[in-house]
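Here are the chains, one letter per residue:
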Amino acid sequence: MTLFQRRPVELNEPEPEDASLNRLSRRQALQRVGAVVVASSLIPSALADTEPDDDADDFRPRHDIRKGLLNLRDSGLPRTHHTCTFIKKKTILVAGGENIVDLSSAEMFYPATNQWWDVASMNTARTLHAAALLRDGRVLVCGGAIHVGNVSLGLNSVEIYNPASDSWITVASMNIRRFGHGAVTTPDGKVIVTGGQYAGIPLASIEIYNPDTNTWTLAGA
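Residues numbered from 1 in each chain as written. Predicted model: local features only at pLDDT ≥ 70, side-chain atom pairs only at ≥ 80, totals over all residues. Heavy atoms only, no water.

S.K.: Give me the sheet that holds strand S4 (residues 91-95): which residues, what numbers.
M.R.: Taken together, four strands build an open sheet; the order of strands is S3-S4-S7-S8 and the sheet is antiparallel. With partners counted over all chains shown, the strands left at the sheet margins are strand S3 (83-87) and strand S8 (115-119), one partner each. Shown here is a sheet whose adjacent strand axes are inclined to one another by a mean of 25°, direction ignored. Taken together, the five bridges between strand S7 (residues 106-110) and S8 define a ladder with antiparallel strand orientation. Of the residues in S8, the one forming a bridge with Ala 106 is Val 119. (Pairing = 2+ DSSP bridges. Helix = DSSP H or I, 4+ residues; strand = E, 2+ residues; numbered from the N terminus. Axes fitted to C-alpha atoms, helices over the stretch in contact; angles between N-to-C directions.)

And the structure:
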């Protein structure tokens, strides 16, 4: 068993000098997160401010912690079939997946300092789901599956994570239960969900979410 030392970060702690940690490409950052993340969680007492930056490869965090101390560690909870979503080019939100059981937990990763901390858990445990970054910086998580014995039950529930308040809200459900699907945000701010499967049957259907009206529409309907 590997033990992880919890280290509180003092307010206004200076940023690391190691340029190799301060500047990581998106591919390098995702390689650190890994296809199967060895990640674990610590609940922070505050969230760091990650304001947008003109340089898409600059992940240097601004440790502007306004509410107290942030407990960090260098690894996270082992999980598979989770999602990884970049938030404001600085941090990566890792959500759900499975580790013996289906997970609702979520955590954040700073590639710049190779550190992790817990954020609020999703309202629903889910694996094989999809996630998309909304234009306002929130993250939409949709569908997925839960396991009942050896059976995977598809989900159509949807929730949105707000990094500013460290909270999840449940929004309108998709029309079709699906897992193993894809989700992408369009230039006009909508989210397109495609494919996946349900009850062992591959899906060709497409549906579109409009965050302004909180509605899902089947493409071609």
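So much for the structure itself; the text now carries on.
S.K.: Quick rundown of the nonpolar core? Include the residues and the values.
M.R.: Grouped together as the largest cluster of nonpolar side chains are 14 residues, with contacts concentrated most on Leu 93, Met 108, Val 119, Val 139, Tyr 161 and Trp 168. Within the residue set of this core, elements represented by two or more residues are S4, S7, S8 and strand S10 (139-142). The element contributing the most residues to this core is S7, with three residues. Formed by 13 residues, the second largest nonpolar core is a distinct cluster that contains Ala 132, Val 171, Met 174 and Val 193. (Core = buried A, V, L, I, M, F, W, Y, C linked by side-chain atoms within 4.5 Å. Buried < 20%, exposed > 50% of the residue type's maximum accessible area, 1.4 Å probe, protein only.)

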